[in-house]
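What follows is each chain in one-letter form.
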Amino acid sequence: MAPTVAKPLLSDLVAQTRQVPLSHVRPVGDRPDLASVDNESGAGIPLIDLKNLNGPERCKVVEAIGKACESDGFFMVTNHGIPEDVVRGMLLVAREFFHMPESERMKCYSDDPKKAIRLSTSFNVRTEKVSNWRDFLRLHCYPLESFIDQWPSNPPSFRQVVGTYSKEARALALRLLEAISESLGLERSHMVTAMGRHAQHMAVNYYPPCPQPELTYGLPGHKDPNAITLLLQDGVSGLQVQRNGRWVAVNPVPNALVINIGDQLQALSNDRYKSVLHRVIVNSESERISVPTFYCSSPDAVIAPADELVDKTHPLAYRPFTYQEYYDEFWNMGLQSASCLDRFRPG
């Protein structure tokens, strides 16, 4: 009998073994305690209707966004402006991609985290000791014309559908950044300008059903390195955020997107707004698709708060740094609960 060939992607490995490989089993002290999670009714985080963001009640919506950024670091938005057919198409083509034959998917595979377009598994298989229960397709999206020709050509509609979604997501990110600037008492354009030429990445995440979800994570607790994240997810629960030392389940709400503050906005707000720990758990019944859009500063942008946000009560929280400098530190650290921002404290 020929020896079994190791599968680089989790979804193919699971289909072959139908059990949790030792490579994905967390140490006993580092497993999700699923019984202690707060499964609150409703979304679990603030739910904000953006319908009036461009109307006479804009100030109320801006105030709600600022309050959510300050108290939770996470919120959901409805009436966000991305058409339902664009959202539905994004989720459909994502599922279609991960259901393609292994030989077709593997055309995109790479374990090099510096590649702009790549299909891979876990987070960074070159450095991590325990793998995560996730396959993902990483796409750079802005400027779109610089990257779209490198995206997968199968399924045939992939580039058109994902390109349309990425443009809509960017437009929403810019609207939210303007509102966040105003909520801090700054000019509407401040955050957009402070982030330089901008960058946008997307991860198309696939979490296969897991026979023993208590042994592993989809992703362990971490904070996002970028400025703002817009998360599209199917109807399957998995995201959890930390609040007052406890994990809270973020239950999917139809036609809503999850928004969270990343480390760059924490620094740009001089710690007024917080980047919050979050994680992904898996389940034994259903596969799960999620599509986070990571909106970022350009690599050469210098991250520093506006002068108006620094005073005796709020001294400078971090020394100025470039996003490239920060991102290199983030990848060297890997996914962990410690904040990479702490390395940039003054003195």
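Residues numbered from 1 in each chain as written. Predicted model: local features only at pLDDT ≥ 70, side-chain atom pairs only at ≥ 80, totals over all residues. Heavy atoms only, no water.

The name recorded for the chain in an unreviewed UniProt entry is Fe2OG dioxygenase domain-containing protein, from Eleusine coracana subsp. coracana. Recorded under Cofactor (unreviewed entry), the UniProt text for the chain is reproduced unchanged: "L-ascorbate". On record in UniProt, under Sequence similarities (unreviewed entry), the comment for the chain is "Belongs to the iron/ascorbate-dependent oxidoreductase family." (UniProt positions renumbered as here; feature names shortened; annotations may be inferred.)

A.B. asks: Before we go on, may I ask you to explain the overall build of the chain in this structure?
C.D. replies: Counting its secondary structure elements, the chain contains 9 helices and 14 strands. Compactness check: the chain gives a C-alpha radius of gyration of 20 Å against a globular reference of 20 Å for 347 residues, within 12% of the reference. The proportion of buried residues among the 347 residues of the chain is 56%. For the chain, the share of sequence-separated contacts (at least 6 apart) that also reach a separation of at least 24 residues comes to 76%. Accessible surface for the chain amounts to roughly 15,400 Å². Of this, 50% is attributable to carbon and sulfur atoms. Where the 36 positive side-chain charges of the chain centre and where its 40 negative ones centre are 2 Å apart. (Helix = DSSP H or I, 4+ residues; strand = E, 2+ residues; numbered from the N terminus. Rg over C-alpha atoms; globule rule 2.2 N^0.38 Å. Buried < 20%, exposed > 50% of the residue type's maximum accessible area, 1.4 Å probe, protein only. Contact = heavy atoms within 4.5 Å. Areas by Shrake-Rupley, 256 points an atom, 1.4 Å probe, with all protein chains shown as cover. Lys, Arg positive; Asp, Glu negative; His and termini not counted. Charge placed at Lys NZ, Arg CZ, Asp CG, Glu CD.)

A.B. asks: Sorry, what's going on with the layout of surface pockets here?
C.D. replies: Empty space left among the atoms is revealed by rolling a probe the size of a water molecule over them. Space inside the largest pocket adds up to approximately 810 Å³. Taken together, 44 residues line the largest pocket, and the ones lying closest to its centre are Phe-123, Arg-138, Tyr-327, Phe-330 and Trp-331. Secondary structure elements with two or more residues in the lining of the largest pocket: β4 (135–142), β5 (199–207), β6 (219–222), β7 (228–233), β10 (257–261), β11 (278–280), β12 (288–296) and α9 (323–333). With 6 residues, α9 is the largest single contributor of residues to the lining of the largest pocket. Classifying every residue of the lining of the largest pocket by side-chain character gives 21 nonpolar, 12 polar and 11 charged. Counted as a void, the second largest pocket has a volume near 330 Å³. Those elements that provide at least two residues to the lining of the second largest pocket are β2 (74–78), α3 (84–98), β7 and β10. (1 Å grid on protein atoms, 1.4 Å probe; cavity = no way out; pocket = protein on both sides within 12 Å on 5 of 7 lines; lining within 4 Å. Points joined across faces, edges and corners; volume = space filled by probe spheres on them. Nonpolar A, V, L, I, M, F, W, Y, C, P; charged D, E, K, R; others polar.)

A.B. asks: Would you explain the environment of Gln-233 in this entry?
C.D. replies: Residue placement: Gln-233 occurs in strand β7. Spatially, the C-alpha atoms of Gln-233 and Ile-289 are 6.0 Å apart, while their sequence positions differ by 56 residues. At a separation of 2.7 Å, a polar atom in the side chain of Gln-233 contacts the side chain of Arg-288. (Polar contact = N/O pair within 3.5 Å; in protein donor to acceptor, adjacent residues only side chain to side chain.)

A.B. asks: I tried to follow the sheet that holds β11 on my own but got confused; where do I start?
C.D. replies: The strand order β6-β11-β8-β9 describes an open sheet built from 4 strands, whose pairing is antiparallel. Each having just a single partner strand, β6 and β9 (246–249) make up the two edges of the open sheet. When strand polarity is set aside, the average angle formed by the axes of neighbouring strands in this sheet is 25 degrees. Pairing geometry for strand β8 (residues 239–243) and β9, over 4 bridges, is antiparallel. What sits directly across from Gln-242, in β9, is Trp-247. (Pairing = 2+ DSSP bridges. Axes fitted to C-alpha atoms, helices over the stretch in contact; angles between N-to-C directions.)

A.B. asks: Mind showing me how you'd approach the confidence of the model for the chain here?
C.D. replies: Reading fine detail from the predicted coordinates is not recommended where pLDDT is low. Taken as a whole, the chain shows an average pLDDT of 92; of its residues, 95% reach a score of 70 or greater. A low-confidence stretch, residues 1–5 stays under pLDDT 50, and its non-local contacts, those more than four residues away or across chains, total 2 contacts. (pLDDT = per-residue confidence, 0-100.)

A.B. asks: What should I look at first to understand the pairing of β5 in this one?
C.D. replies: When you tally the buried positions in β5, you get 9 out of 9 residues, the bulk of the element. Alternating positions in β5 separate into two faces, Ala-199, His-201, Ala-203, Asn-205 and Tyr-207 on one and Gln-200, Met-202, Val-204 and Tyr-206 on the other, with burial throughout. In this structure, β4 lies alongside β5, joined through 7 bridges in antiparallel fashion. By the bridge assignment for β5, Phe-136 is matched with Asn-205. Across 7 bridges, the pairing between β5 and β12 is antiparallel. Across the sheet, the residue bridging to Met-202 is Thr-293, located in β12.

A.B. asks: Just to check I follow, could you spell out the packing of aromatic side chains for this structure?
C.D. replies: Pairs of aromatic rings are described using the distance from one ring centre to the other and the angle between the two planes. In total, this model carries 11 aromatic pairs according to the counting rule given. Ring geometry for Phe-98 versus Tyr-206: centroids 5.1 Å apart, planes at 10 degrees, classification stacked. With Phe-98 in helix α3 and Tyr-206 in strand β5, this residue pair connects regions lying 108 residues apart in the sequence. Accessibility assignment for this pair places Phe-98 and Tyr-206 in one class, buried. (Phe/Tyr/Trp six-rings, centres within 6.5 Å; stacked < 30°, edge-to-face > 60°.)

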